[in-house]
Amino acid sequence: MKHRELKPEIFWVGAIDWNLRNFHGYETRRGSTYNAYLVVDEKVVLIDTVKEHFFPEMLSRIKSVIDPQKIDYIISGHVEMDHSGSLPAMLKLAPRAKIITSPAGERGLKKHFGELPYQVVKTGDTLNIGKRNLQFVEIPMVHWPDSMVTYSPQDRVLFPNDAFGQHIASFERFDGQMPLNIITEEAAKYYANIVLRYGSQVEKALNAVSSLEIEMIAPSHGIIWKTHIEKILKLYWKWAKYETELRALIAYDTMWGSTEKLAFALYEGLEQAGIPTTLRKLSTTHITDVMTDVLESRLIAIGSPTINQDMLPTVGGFLTYLRGLAPRKRTGFAFGSYGWGKGGPERVEEMFKEMKFNLPVALFKVQYLPTDDDLENMRQVGEKLGTLLQSTSIS
Ligand SMILES: Cc1cc2nc3c(=O)[nH]c(=O)nc-3n(C[C@H](O)[C@H](O)[C@H](O)COP(=O)(O)O)c2cc1C
């Protein structure tokens, strides 16, 4: 396998995971890449590695540039094993290499691989490798405690590890070589499912790199940003501040169709009020895709029937996932059908309260099948929510 030269003396030597479809529960329908980069200066630096079983692919790409024995440093920007998994194998072939990592990175790597030749760096530290002085910025919790950015001022290249990444497997390496909407959609999905919880830390990271001159952002997954750097930085600022669009998401599931009827009536009302709305059935749409819809939706309406005095597991699973990712500045609305007691809609509303969602309209529920009047009432609730959403009174 061959390297790709990104800039003079900077090479992409990563691996392409064409067939990956499930990445710790994240549905990766376009596969992914594990991006490792080689900087060949007076000293030779490898920035990150790849998943363990992709080591041969990375190695063959490295060998197409240099003899791996010449590697002096391996920078570990993130402990997670899709980037660190090949460290032990790489060290065997690069016996003089030191592992450059953050203090939290050293602690994490030791828990994975034990004692290795670590050299710890902190924010503001530099590493001279000849013509270049590599700079380091710790970006804790974007998205693990150890996350760290490497910057080469001489090349104006930022290596931010997982930040700005997307799960896309492709021959193309640069953002100008692929439709931008595909890249931003996958970047949004990545942010919504991996980073959303850490908005304030993302803001800190963005502030930390805001003074840097950047010609290239080379993340650890997917496409490298070169043509659309301003666009992705703007999106990250927006997402970090939890800014939303005037949009609604209706996510629901159903056993016998009643909650579904309510969902469509709600959709009709929101449509009437002019609110662009997305409707997702949780048993047919993967939760990681529904999270992408959450990212920019101001209203999150969730419907569940009652089963055994509780929500349907598909709805409960999604809400648990949503609670962990902790979106802010949202309006919630719970609805559903029941047979003889409390359960689904009430649990949905409780979860909304736990997430501190704004709840301007009380939950809406019907016993068994909704009547025409029930559906009309639900439609009116949709209109009311739409009107409220358009006013400035609710976020
Ligand atoms: C296995 C099962 C368990 C149920 N458990 C409850 C319950 O504990 N409390 C209740 O009020 N209704 C219960 N129901 C009734 C449903 O909530 C009711 O049929 C409702 O209309 C279903 O809505 P859906 O058509 O959206 O699935 C249960 C239904 C099923 C099939």
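Residue positions within a chain follow its written sequence, with the count starting from 1. Owing to the predicted nature of the model, reporting of local features is limited to residues with pLDDT of at least 70; listing and counting of side-chain atom pairs is limited to 80 or more, with chain, interface and lining totals taken over all residues. To get the side-chain values, take all heavy atoms of the structure and skip hydrogens and water.

A. Expanded view of the overall build of the chain. Regarding its fold elements, the chain presents 12 helices and 21 strands. Over its C-alpha atoms the chain spans a radius of gyration of 24 Å, differing by no more than 12% from the 21 Å that the globule rule assigns to 395 residues. Projected onto its principal axes, the C-alpha coordinates of the chain cover approximately 75 × 40 × 35 Å. Within the chain, the proportion of its 395 residues that are buried is 58%. Counting only carbon and sulfur atoms, one obtains 51% of the accessible surface of the chain, whose full area is about 16300 Å². Counting from the N terminus, the helices are the DSSP runs of H or I reaching at least four residues and the strands are the DSSP runs of E reaching at least two. C-alpha atoms define the radius of gyration, and 2.2 Å times the number of residues to the power 0.38 defines the globule rule. Any residue under 20% of the maximum accessible area for its type is buried, any over 50% is exposed, and the rest in between are partly exposed; the area is computed with a 1.4 Å probe on protein chains only. Per-residue and other accessible areas were derived by the Shrake-Rupley procedure at a 1.4 Å probe size, with only the shown protein chains allowed to occlude residues.

B. Representation of unusual backbone geometry. Looking along the chain, the bond that leaves Val142 and enters His143 is cis, with omega of 10 degrees. Structurally, His143 can be placed in the loop between strand S13 (133-138) and strand S14 (148-152). Backbone geometry places His24, a non-glycine residue, at a positive phi of 35 degrees. Even without a glycine there, the phi angle at Lys356 is positive, about 60 degrees. Tracing the backbone shows Lys356 in the loop between helix H11 (344-354) and strand S21 (364-367). For Lys356, a relative accessible area of 74% corresponds to the exposed category.

C. Quick look at the pattern of salt bridges. By convention in these notes, a salt bridge is any Lys or Arg side-chain nitrogen within 4 Å of a carboxyl oxygen on Asp or Glu. Applying the stated criterion across every chain, the model contains 30 salt bridges. For Glu215, the salt bridge is made with Lys7, and the minimal N-O distance between the two is 2.5 Å. With a gap of 208 residues between them, Glu215 in the loop between helix H6 (199-209) and strand S16 (216-219) and Lys7 in strand S1 (residues 4-7) connect regions that are remote in the sequence. Among the residues examined, Glu215 registers a relative accessible area of 36% and is labelled partly exposed. Note on Lys7: relative accessible area 16%, which makes it buried. We note a salt bridge from Glu213 to Arg156, for which the minimum N-O separation is 3.4 Å.

D. Structural view of the environment of Asn128. Along the chain, Asn128 falls in strand S12 (residues 126-128). Separated by 182 residues in the primary sequence, Asn128 and Asp310 have C-alpha atoms spaced 60 Å apart. A polar contact of 3.2 Å, which involves the side chain of Asn128, links it to the backbone nitrogen of Gly130. Polar contacts, as counted here, are pairs of nitrogen or oxygen atoms within 3.5 Å of one another; within protein the pair requires one atom able to donate a hydrogen and one able to accept it, and residues that are adjacent in sequence qualify only if both atoms are side-chain atoms. Reaching out from Asn128, the side chain makes a polar contact with the side chain of Asn133 at a distance of 2.9 Å.

E. How the structure looks around the nonpolar core. Formed by 86 residues in total, the largest nonpolar core has its most connected members in Leu38, Leu46, Ile71, Met90, Ile302 and Leu319. Summarising the domain contributions, this core has at least three residues from each of domain 1 (4-240) and domain 2 (249-389). Note on contacts: a residue pair qualifies if any of its non-hydrogen atoms lie within 4.5 Å across the two residues. The contact partners of Leu38, leaving out residues within four places of it in the chain, are Glu9, Ile10, Phe11, Val13, Val44, Val45, Leu46, Ile62, Val65, Ile66 and Ile71. If you look at the next biggest cluster of nonpolar residues, it comprises 24 residues, including Leu6, Ile100, Met148 and Ile224. In this text, buried Ala, Val, Leu, Ile, Met, Phe, Trp, Tyr and Cys residues form a nonpolar core when linked through side-chain atoms within 4.5 Å. Each domain's extent is set by a domain assignment, obtained either automatically or from a database.

F. Expanded view of the pairing of strand S17 (residues 245-252). Two strands pair if DSSP finds at least two bridges between them. Judged from the 6 bridges that link them, S17 and strand S19 (residues 297-303) form a sheet pairing that is parallel. From the neighbouring strand, Leu249 faces S19, where its bridge partner is Ile300. Seen with the strands pointing away from the viewer, any crossover whose path from the first strand over the helix to the second strand runs clockwise is right-handed. Crossover handedness for the path S17 to helix H8 (residues 258-272) to strand S18 (residues 277-281): right-handed.

G. Quick peek at the domain arrangement of the chain. Domain assignment breaks the chain into domain 1 (4-240) and domain 2 (249-389). For the domain 1 and domain 2 pair, buried surface summed over both sides reaches about 1200 Å², with 52% attributable to carbon and sulfur atoms. We define buried area as the total accessible area lost by two parts upon association, computed with a 1.4 Å probe and summed across both. For domain 1, the biggest contributors to the area lost against domain 2 are Asn193, Leu196 and Arg197; these three give 44% of the whole. One can count 3 salt bridges joining domain 1 with domain 2.

H. Main features of the sheet that holds strand S2 (residues 10-12). Here we have 7 strands laid out as an open sheet, ordered S1-S2-S7-S8-S9-S10-S11, and mixed in their pairing. Every interior strand has two partners, whereas the edge strands, S1 and strand S11 (118-120), have only one. For this sheet, the mean angle separating the axes of adjacent strands, direction not counted, is 25 degrees. Direction of pairing for strand S9 (residues 71-75) relative to strand S10 (residues 98-101): parallel, over a ladder of 3 bridges. Interaxial angle, 0 to 180 degrees, is taken between N-to-C directions of lines fitted to C-alpha atoms, where a helix line uses only the stretch in contact.

I. Quick look at the site of the ligand. Any residue with a heavy atom positioned within 4 Å of a molecule or strand is treated as near that molecule or strand. Not every one of the 17 residues close to the ligand is listed here, only the nearest: Thr254, Met255, Thr259, Thr306 and Ser337. One nitrogen or oxygen atom from the main chain of Trp256 is found 2.8 Å from an oxygen atom belonging to the ligand. Within the side chain of Ser337, one N or O atom sits 2.6 Å away from an oxygen atom of the ligand. The protein chains hide 83% of the 640 Å² of surface that the ligand would expose on its own. Elements represented by at least two residues in the shell around the ligand include exactly H8 and strand S20 (331-338). Each residue receives one of three labels: charged for Asp, Glu, Lys and Arg, nonpolar for Ala, Val, Leu, Ile, Met, Phe, Trp, Tyr, Cys and Pro, and polar for the others, Gly being one of them. Counted by class, the shell around the ligand contains 7 nonpolar, 10 polar and no charged residues.

J. Spotlight on the packing of H6 against helix H7 (residues 229-240). Closest axis-to-axis distance for the H6/H7 pair is 8 Å, and the angle between their directions is 145 degrees. Considering only the axes of H6 and H7, their crossing is left-handed. Contacts between H6 and H7 pair Gly199, Val202, Glu203, Leu206 and Asn207 from the former with Leu233, Tyr236, Trp237 and Ala240 from the latter. Its residues assigned to classes, the contact of H6 with H7 comprises 6 nonpolar, 2 polar and 1 charged. For any helix crossing, the convention is left-handed if the near helix is rotated counterclockwise from the far helix by under a right angle, and right-handed if that rotation is clockwise.

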